[in-house]
Amino acid sequence: MDPDLQGKVALAVDCSGHEGAVLKGCRIVRRMGEVVLVGVPWRKYTDLTAHDVLNPVFFNHVTLRSGWEWELPMHGRSFQWEELLGCRFR
């Protein structure tokens, strides 16, 4: 945990399925940040409880969700309204 990054990260993506990594992600993201679970939790690696993970989720208003790696965007998008809304204005 780099103290210089604490609370400055908008998105953390866990690809390991390790509950300790998820907890660290929940602790490092900024308030209203997001943690995406891409890795599969095949087995239990630590003695962490749901309370350990849910505490930083609740108090930092973290969005915790699962996802597929192919849902992550491959390329950035410009900030033009047509691209953001997926339509064209005439």
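Residues numbered from 1 in each chain as written. Predicted model: local features only at pLDDT ≥ 70, side-chain atom pairs only at ≥ 80, totals over all residues. Heavy atoms only, no water.

**Comments concerning the pairing of strand E1 (residues 9-14)**
Item 1. With five bridges joining them, E1 and strand E2 (residues 29-37) adopt parallel strand pairing. Looking across to E2, one finds that Leu-11 is bridged to Glu-34.
Item 2. With respect to chirality, the unit in which E1 leads through helix H1 (residues 19-28) into the neighbouring parallel E2 is right-handed. (Pairing = 2+ DSSP bridges. Helix = DSSP H or I, 4+ residues; strand = E, 2+ residues; numbered from the N terminus. Right-handed = clockwise from strand over helix to strand, strands pointing away.)

**Notes on the packing of aromatic side chains**
Item 1. In this structure the tally under the stated criterion is one aromatic pair.
Item 2. Pairing Phe-58 with Phe-59 gives two aromatic rings, centres 5.1 Å apart and planes at 90°, and the pair type is edge-to-face. Phe-59 carries the same exposure label as Phe-58, and that label is exposed. (Phe/Tyr/Trp six-rings, centres within 6.5 Å; stacked < 30°, edge-to-face > 60°. Buried < 20%, exposed > 50% of the residue type's maximum accessible area, 1.4 Å probe, protein only.)

**What to know about the sheet that holds E2**
Item 1. An order of E1-E2-E3 is seen for the three strands of this open sheet, with the pairing classed as parallel. For this open sheet the edge positions go to E1 and strand E3 (63-66), each flanked by a neighbour on one side alone. If you compare each strand with its neighbour and ignore which way they point, the axes differ by 15° on average.
Item 2. Those strands touched by H1 are E1, E2 and E3, and its axis lies near 155° from that of E2. (Axes fitted to C-alpha atoms, helices over the stretch in contact; angles between N-to-C directions. Contact = heavy atoms within 4.5 Å.)

**Here we look at the nonpolar core**
Item 1. Core analysis: the biggest nonpolar cluster contains 10 residues, these being Ala-12, Val-22, Leu-23, Cys-26, Ile-28, Val-29, Val-35, Val-53, Val-57 and Val-62.
Item 2. Where this core is concerned, the elements lending two or more residues are H1, E2 and helix H2 (50-59). (Core = buried A, V, L, I, M, F, W, Y, C linked by side-chain atoms within 4.5 Å.)

**Here's the deal with H2**
Item 1. Residues Val-53, Pro-56 and Val-57 constitute the buried set of H2. Projected down its long axis, H2 carries its buried residues within an arc of 105°, all on one side. Opposite its buried face, H2 presents the exposed residues Ala-50, His-51, Phe-58 and Phe-59, each directed more than 90 degrees away.
Item 2. In the core, the buried residues of H2 are packed alongside H1 and E3.
Item 3. Note on H2: the residue one or two positions beyond its end, His-61, has a positive phi of about 55°. (Arc of directions from axis to C-beta.)

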